[in-house]
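# Working through the structure, step by step
Single-letter residue listing:
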Amino acid sequence: MSDEPILSAQGLRLSFGPVRALDDVSIDVWPGEVLAIVGESGSGKSTLLRVLAGETRPDAGSVTYRDPQGGTRDVHGMTEAARRRLARTEWGFVHQDPRDGLRMAVSAGGNVGERLMAVGDRHYGNIREEAARWLERVEIPRSRIDDAPRLFSGGMRQRLQIARTLVTRPRLVFMDEPTGGLDVSVQARLLDLIRALVADLGIAVILVTHDIAAARLLAHRMVVMRQGRVVEEGLTDRVLDDPRHPYTQLLVSSVLAA
Ligand SMILES: Nc1ncnc2c1ncn2[C@@H]1O[C@H](COP(=O)(O)OP(=O)(O)OP(=O)(O)O)[C@@H](O)[C@H]1O
């Protein structure tokens, strides 16, 4: 891992009326690491992810992205066009609902291939072959390449969304509950697949989840949120095996009891 964070947030604050969704949150994400943001519903996880990705502007604080050349970019200071360009090239997004990340009426191959076109690939044969390879990589048979995702199961759709996201080899991927809404057995398989791909590609991932087991499996490090604040952070095994904050202890023991 490099000695500079790929993404660094300082003093983030954001309120919705009387609700403090983010209350002085600072976090660093390092190249190649999976950072899980966990906490109960309403603790501010998704809001934090949106602010880190530049989609929602905080009331105070800053988010800094370090580009491959080592330059720093102020995520909330750049133009919308620049942020969108970054989102298309060096960043990726995996949404909880695959319909938010896929084009449902476009073929599976088209969903993957159009991302390659968006970063400048023009050779149709290469694009189709690369798309087919990625479908296989996410365990979708090549023979389904011309099928639209509306014909796919929930698990297949989510795997397709992952292929569409990773095909351009982003350096940083934002994932919001990527296994939410799927059957338990489908979740386990998807988590294994995400873990293998992320390790293989060496990408940094910010993973929002309320699923402690998913965090244990995927994340190197964890941030525990409660009422808009980070109450604990550390290496995943340390946080889960030796939680220090009473809220983390409650969170971990409630999972063990379940
Ligand atoms: N656009 C919004 N307008 C008003 N309040 C909001 C908005 N977005 C989030 N909130 C509030 O901010 C707080 C944090 O919400 P957030 O969605 O970030 O939590 P979360 O931890 O991701 O929860 P969940 O796991 O249920 O998605 C909640 O009290 C929520 O109601």
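Residues numbered from 1 in each chain as written. Predicted model: local features only at pLDDT ≥ 70, side-chain atom pairs only at ≥ 80, totals over all residues.

An unreviewed UniProt entry lists the chain under the name Phosphonate C-P lyase system protein PhnK, with Roseomonas populi given as the organism.

## Some remarks on the overall build of the chain
A tally of helices and strands in the chain yields ten helices and ten strands. In terms of overall dimensions, the chain is globule-like: its C-alpha atoms have a radius of gyration of 18 Å, near the 18 Å expected for 258 residues. Along the longest, intermediate and shortest principal axes, the C-alpha atoms of the chain span 55 × 45 × 35 Å. Intrachain contacts of the chain at a sequence separation of at least 6 include 64% that bridge at least 24 residues. (Helix = DSSP H or I, 4+ residues; strand = E, 2+ residues; numbered from the N terminus. Rg over C-alpha atoms; globule rule 2.2 N^0.38 Å. Contact = placed C-beta atoms within 7 Å.)

## A word on the site of the ligand
Around the ligand lies a shell formed by F16, V19, A21, G39, S41, G42, S43, G44, K45, S46, T47 and H210. Taken together, the elements giving at least two residues each to the shell around the ligand come down to β2 (19–29) and α1 (45–52). Split by residue class, the shell around the ligand holds three nonpolar, eight polar and one charged. (Near = placed C-beta within 6 Å. Nonpolar A, V, L, I, M, F, W, Y, C, P; charged D, E, K, R; others polar.)

## Notes on the sheet that holds strand β4 (residues 60–66)
Pairing in this open sheet of four strands is antiparallel, and the strands run β2-β1-β4-β5 from one edge to the other. Each of the sheet's edge strands pairs with one partner strand only, and the pair in question is β2 and β5 (72–74). Taken pair by pair, the neighbouring strands of this sheet meet at an average axis angle of 25 degrees, ignoring direction. (Pairing = 2+ DSSP bridges. Axes fitted to C-alpha atoms, helices over the stretch in contact; angles between N-to-C directions.)

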